[in-house]
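# Fold and contact review
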Amino acid sequence: MLDRRTFIKNTSLITAGLSILPKEEKDPVNRPGDRLLNAYYFRAHMYTIVPRHVREDMKWMADVGTNAVSIAILEQDLTAAVENIEIVCNEAAKVGIKVFAVPSRWGGMFAGAPKVPSIFSVYNPQTWVLKKDGKPVNNISSGVISSVHYPETEEFFKTSLDKIFSLWPIKGIVWDEPKSFMKDFSPKAVEKLGKDAPLEDHVKAVVEFHSRINKHIKDKQPEVTTTMFAYANQPEMVVQEAAKTQHLDYYGCDGRPWRMEDGGRP
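Residues numbered from 1 in each chain as written. Predicted model: local features only at pLDDT ≥ 70, side-chain atom pairs only at ≥ 80, totals over all residues. Heavy atoms only, no water.

### Points about helix 2 (residues 51-63)
Our working definition: Helix numbering and strand numbering both begin at the N terminus, where a helix is a DSSP run of H or I of at least 4 residues and a strand a DSSP run of E of at least 2. To estimate how far a helix should extend, the number of its residues minus one is multiplied by 1.5 Å. Type-normalised accessible area, obtained with a 1.4 Å probe on protein chains alone, sets the label of each residue: buried when under 20%, exposed when over 50%, and partly exposed for intermediate values. Of all possible arcs, the one meant is that of the directions from the helix axis to the C-beta atoms.
With 13 residues, helix 2 ought to run about 18 Å at 1.5 Å a step, and its terminal C-alpha atoms sit 18 Å apart, in line with that. Burial in helix 2 covers these residues: V54, M58 and M61. Buried residues along helix 2 cover an arc of 70 degrees about the axis, so they all sit on one side. Across helix 2 from its buried face, at more than 90 degrees, point the exposed residues W60 and D63. Once helix 2 finishes, G65 follows within two positions and takes phi at roughly 100 degrees, a positive value.

### A look at the packing of aromatic side chains
As a reminder, the rule being used: Think of it this way: a Phe, Tyr or Trp ring, Trp meaning its six-membered ring, pairs with another when their centres are within 6.5 Å, and the plane angle makes it stacked under 30 degrees, edge-to-face over 60, tilted otherwise.
Under the counting rule described, the total for this entry stands at 10 aromatic pairs. With a centroid separation of 5.7 Å and 65 degrees between ring planes, the pair formed by W106 and F157 is classed as edge-to-face. Pair noted here: W106 is in the loop between strand 5 (98-103) and helix 5 (119-123) and F157 is in helix 6 (residues 151-167), with a separation of 51 residues, a long-range link. You can call W106 buried: its relative accessible area is 0%.

### Quick look at the pattern of salt bridges
Note the threshold: For this analysis, a salt bridge means a side-chain nitrogen from Lys or Arg found within 4 Å of a carboxyl oxygen belonging to Asp or Glu.
For the structure shown, the criterion picks out 12 salt bridges. Across the salt bridge formed by E200 and K204, the nearest N and O atoms sit 3.5 Å from each other. Taken together, the positions of E200 and K204, both in helix 8 (residues 199-220) and four residues apart, correspond to about one turn of that helix. A relative accessible area of 32% means that E200 is categorised as partly exposed. Between D249 and K218 there is a salt bridge; the shortest N-O distance is 2.7 Å. Taken together, the positions of D249 in the loop between helix 9 (236-242) and strand 10 (250-254) and K218 in helix 8 put the pair 31 residues apart, joining distant regions of the chain. Across the pair, K218 and D249 agree in class, each one buried. Via salt bridges that share partners, R55, E91 and K94 belong to a single interconnected network.

Next comes the structure, spelled out in structure tokens:
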């Protein structure tokens, strides 16, 4: 296991709002010096929204040097929160702040906010990640998880990302705490990897999925920044394999630096 301190030391992370590591010398985000201060700005666009509050928040964040804000976008926000997200984007632009999107709970495969089940996964049970006994894997926060081995899953991510970029001036995508680094015994996973495939093979398949999704982003929106961060207590093999994700500008860690079984607050 890598603890948080070792992970940060070994990867020379820059901590600024998010812990992030540039994968290339050229940073696609315009920022002063060598710093990106990216503030999570979750749930401000949900349901009732007061534009003055958003305006004041953006001014305050800009005044302290914030370059970007990241907003959580649920699957349903693509139809239910279009105008509200427009308000956030418009107010951010007025003070020179870029808006990044955090695809939240999509397919049950990532974190973000809030903790809800994936609509896509609910309607597509054939895509669920299964345990060896054939029962679906259930994440305590958001329920079932869709498998990277199903074309429906990949198509859902690509079409949803295309819609994001068609609706709002989003300048970055943040993949928040991937949930799929596990053994997958769904039919297509077994068909592709075999029933006795080691965990490393499953992790590599997830990394390939993330790479294909990032390539889709870069092919359509080459100026968009792609970021991913994983749990700080991941096994070293997972950390190293996830770092090989292609078409990714930043890679880092967040979360508690201990395993649940080691005690302490979750």
